[in-house]
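Chain by chain, the residues:
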Amino acid sequence: MALLYKSTRGDSKYITASQAILKGIADDGGLYVPEAIPKIDFKLDEILNMDYKALAYRVLRLVLDDFTEDELKYCINGAYDEKFDTPLIAPLKETADCGVLELFHGKTIAFKDMALSILPYLLKTSARKNGEDRQIVILTATSGDTGKAALEGFADVEGTGIIVFFPQDGVSDVQKKQMVTQEGRNTCVVGIKGNFDDCQTAVKKAFTDKALKEELAAKGYVFSSANSINIGRLAPQIVYYFYAYAQMVKAGRVKLGEKINFVVPTGNFGNILAGYYAKNMGLPVDKLICASNENKVLYDFFKTGEYNARREFILTSSPSMDILISSNLERLLYHLSDAETVSEKMKLLSSEGDYGFTAMDSSFIGEYSTEAETFAIIKEVFEKEGYVLDTHTAVAYNSYKKYVSESGDNTPAVVVSTASPFKFAKDVLAAIDEKYKSIDPFEAVRTLSEVSGTPVPAPIKDIEKRPVLHDICIEKEAIEGFIKAKLI
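Described in the following lines is the structure provided in the data block. (Residues numbered from 1 in each chain as written. Predicted model: local features only at pLDDT ≥ 70, side-chain atom pairs only at ≥ 80, totals over all residues. Heavy atoms only, no water.)

Turning next to the sheet that holds strand E15 (residues 472-475). Strand order across the open sheet formed by 5 strands is E8-E5-E6-E7-E15, with parallel pairing between neighbours. Strand pairing shows two members of the sheet lacking a second neighbour, strand E8 (221-225) and E15, which therefore form its edges. Averaged over all pairs of adjacent strands, the angle between their axes in this sheet comes to 30°, without regard to strand direction. Note that strand E5 (residues 135-141) and E8 share 5 bridges and pair parallel. Bridging across to E8, glutamine 135 finds its partner in tyrosine 221. Against the sheet, helix H6 (residues 145-154) makes contact with E5, strand E6 (160-167) and strand E7 (187-193), and its axis sits at roughly 165° relative to E6, the strand it touches most. The strands touched by helix H8 (residues 196-207) are E5, E6, E7 and E8; relative to E5, the strand with the most contacts, the crossing angle is about 150°. (Pairing = 2+ DSSP bridges. Helix = DSSP H or I, 4+ residues; strand = E, 2+ residues; numbered from the N terminus. Axes fitted to C-alpha atoms, helices over the stretch in contact; angles between N-to-C directions. Contact = heavy atoms within 4.5 Å.)

And the structure:
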């Protein structure tokens, strides 16, 4: 019997995984979730002998079960190939404190590559399976990394176009340069005078604007999303939690079947939610430690049961986490309650800016790190171990150490590393030594290579010399008008 998907907000229609991937978001504004989280149908010891592709197939066939074996293997083989600079795809590095799962070995040197390398294949296969012959327009809001990874994945993919909105002053210099130099006849990148929440809110509104969708349909277009609001973005992220566990066992850090903790730098809540799905599928996970930066709305939520987005928005050195409205939290609320409750909470969030929720899963622990703590842990780990953390991973690493100090919980742990330090080289160098505080951000990339003894990743080598191909910047209120002007 097929695993069906439904909206978190109560839309009565059940649809297949491929249909959910095509739609991106439900008609009622909710996110698609599986009617039940499937259990693994293989013995845990089998993962010890699987490479990443084999493991991806065994996991994804359970959550995307309307794809045939040939279809799914086609998607997986196309995604996890030589575009990654290591055959391991997601290697685990060991430090004295924990394992560090490196998810930044793809073409955009950030963890979004892990899912956005496969999403174009899943989306095109879904279109073919469901007889969708209209041009698919990917609408994406980004806090820094999703945008480039989505652009890279969908550039020149036949039958698709992609429009990415990003906060003009809310991403790193390298992140911005990666996006505005993107090639591809079907790509469009737009800076917004606002923050990520403004971009995300406008994109979600466009998805649920019936009149806009009808206008676009008449012109032969249909919307989909590359954000983690799309279940096709979220599902592939489950795989690397299993892969991390296998590496922990093979490294002798845990015995097979022993539980481990995961520490995840968190903004939109998709990455850590994938860990929750992995746990519920049967992976031996104890705690999921949700690490926030100074925009600590999730930390406060897990501590108090109140989600309050009515607060100052802070620009930090970990911009991909500078988010106050964490969309994927809606999926967790659904799994812990019901569609009626979720619909009520989302209405309150929209109208009042906050809501309360107390039926929390004890797996989740909230921690956060200040800017000073983030810089200090980068310096400490580099000086003690010669290992360089990016700013987001540093938030998680420091949050993990705080959690251990406060709880005494010495369960073996994996910190999920979401970006290469070279994407945030200026801040990383300033953390290592204050003399670099005023260095040019692109000179910082070369200097970090010298200081760390690590080559500059090929995707950003000499990136400052690439021509700017996208130089549009608009007010946040103009997003819907821009979409119409671009497509109609």
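Moving on from the coordinates now.
With that settled, consider the pairing of strand E14 (residues 413-417). Here E14 lies mainly inside the structure; 5 of its 5 residues are buried. The alternating pattern of E14 places Ala413, Val415 and Ser417 on one face and Val414 and Val416 on the opposite face, and all of these are buried. Where strand E4 (residues 99-102) lies against E14, 4 bridges are found, and the strand directions are parallel. Bridged to valine 100 within E14 is valine 415. For strand E9 (residues 260-265) and E14, the ladder comprises 3 bridges, and the chain directions are parallel. Paired with phenylalanine 262 across the bridge in E14 is valine 414. (Buried < 20%, exposed > 50% of the residue type's maximum accessible area, 1.4 Å probe, protein only.)

This model, assessed by the stated rule, comprises 19 aromatic pairs. An aromatic cluster of at least three residues, connected via ring pairs, comprises Phe269, Tyr276, Tyr277, Phe301, Phe302, Tyr307, Tyr355 and Phe364. Seen from the ring of phenylalanine 67, lysine 129 lies directly overhead, with NZ or CZ sitting 5.7 Å from the centre. Its end group placed over the ring of tyrosine 368, lysine 402 keeps NZ or CZ at 4.6 Å from the ring centre. (Phe/Tyr/Trp six-rings, centres within 6.5 Å; stacked < 30°, edge-to-face > 60°. Lys NZ or Arg CZ within 6 Å of the ring centre and 35° of its normal.)

The next point concerns the sheet that holds strand E3 (residues 92-94). If you trace the 6 strands from one edge of the open sheet to the other, you get E3-E4-E14-E9-E10-E13, paired in mixed fashion. The open sheet is flanked by E3 and strand E13 (364-368), the only strands paired with a single partner. Ignoring strand direction, the axes of neighbouring strands in this sheet form an average angle of 25°. When E9 meets strand E10 (residues 285-292), the two strands line up parallel, connected through 5 bridges. Among the inter-strand pairings, valine 264 is bridged to a residue of E10, identified as cysteine 290. Helix-sheet contacts for helix H11 (residues 239-250) involve E3, E4, E9 and E14, and the interaxial angle to E9 is about 130°.

Glancing now at the nonpolar core. Core analysis: the largest hydrophobic core is formed by 110 residues, its most contacted members being Tyr5, Leu64, Phe262 and Phe269. Ile289, Tyr403, Phe422 and Ile439 belong to the second-largest nonpolar core, a separate cluster that totals 40 residues. (Core = buried A, V, L, I, M, F, W, Y, C linked by side-chain atoms within 4.5 Å.)

The subject of this paragraph is unusual backbone geometry. Phi is positive for aspartate 156, which is not a glycine, with a value near 60°. Assignment of secondary structure puts aspartate 156 in the loop between H6 and E6. In this structure, phenylalanine 269 is a non-glycine residue whose phi angle is positive, near 75°. For phenylalanine 269, the location among the structural elements is in the loop between E9 and helix H12 (270-281).

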